[in-house]
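# Structure assessment
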Amino acid sequence: QVQLVESGGGLVQTGGSLRLSCAASGSPFSINAMGWYRQAPGKQRELVATITSGGSTDYAASVKGRFTISRDNAKNTVHLQMNSLKPEDTAVYYCNADYWTSVGPYGSRRLASWGQGTQVTVSS
């Protein structure tokens, strides 16, 4: 089992910045991709950004140009640098990891884990 621990959330004013971090740990595993999702009250959870172990990235249109996702494969850690924050960015941000892990003598499985979430609040 892989556990994800998020940090870096908080309260900032419009135009401010935050840096979120997510570290993966647990039984032996190999990360395929990691990403950030967010969910605001009364809204569906949505993709914010993803990054593969090879470095390919994808962003939601609403954050493109303001947010940057990065990773340190050696540390199994992903970061989300959030600049020029807006009130509409207010949400709980969740880290996700897609990974391979051994499940027995002959095989492995591709699984996904979610972090506990970290609150980001942007005030005006």
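As the structure is a computational prediction, the values presented were derived from the model and not from experiment. (Residues numbered from 1 in each chain as written. Predicted model: local features only at pLDDT ≥ 70, side-chain atom pairs only at ≥ 80, totals over all residues. Heavy atoms only, no water.)

On to the state of the cysteines. Put plainly, two cysteines are in a disulfide when a covalent bond ties their sulfur atoms together. Applying the stated rule across the entire model yields one disulfide. The disulfide partner of C22 is C95, and the S-S distance across this bridge is 2.1 Å. Judged by the sign of its S-S torsion, about -85°, the cystine formed by C22 and C95 is left-handed. Of this pair, C22 sits in strand β3 (residues 18-26) while C95 sits in strand β9 (residues 91-102); the two residues are 73 residues apart in sequence, bridging distant segments of the chain. Considered together, C22 and C95 belong to a single accessibility category, that of buried residues. (Disulfide = S-S within 2.5 Å. Helix = DSSP H or I, 4+ residues; strand = E, 2+ residues; numbered from the N terminus. Buried < 20%, exposed > 50% of the residue type's maximum accessible area, 1.4 Å probe, protein only.)

Our next topic: the environment of G9. Within the secondary structure, G9 is located in the loop between β1 (2-7) and β2 (10-13). As a C-alpha pair, G9 and S21 span 12 residues in sequence and 8.9 Å in three-dimensional space. Those residues in contact with G9 that sit more than four places away from it in its chain are L20, T118, Q119 and V120. (Contact = heavy atoms within 4.5 Å.)

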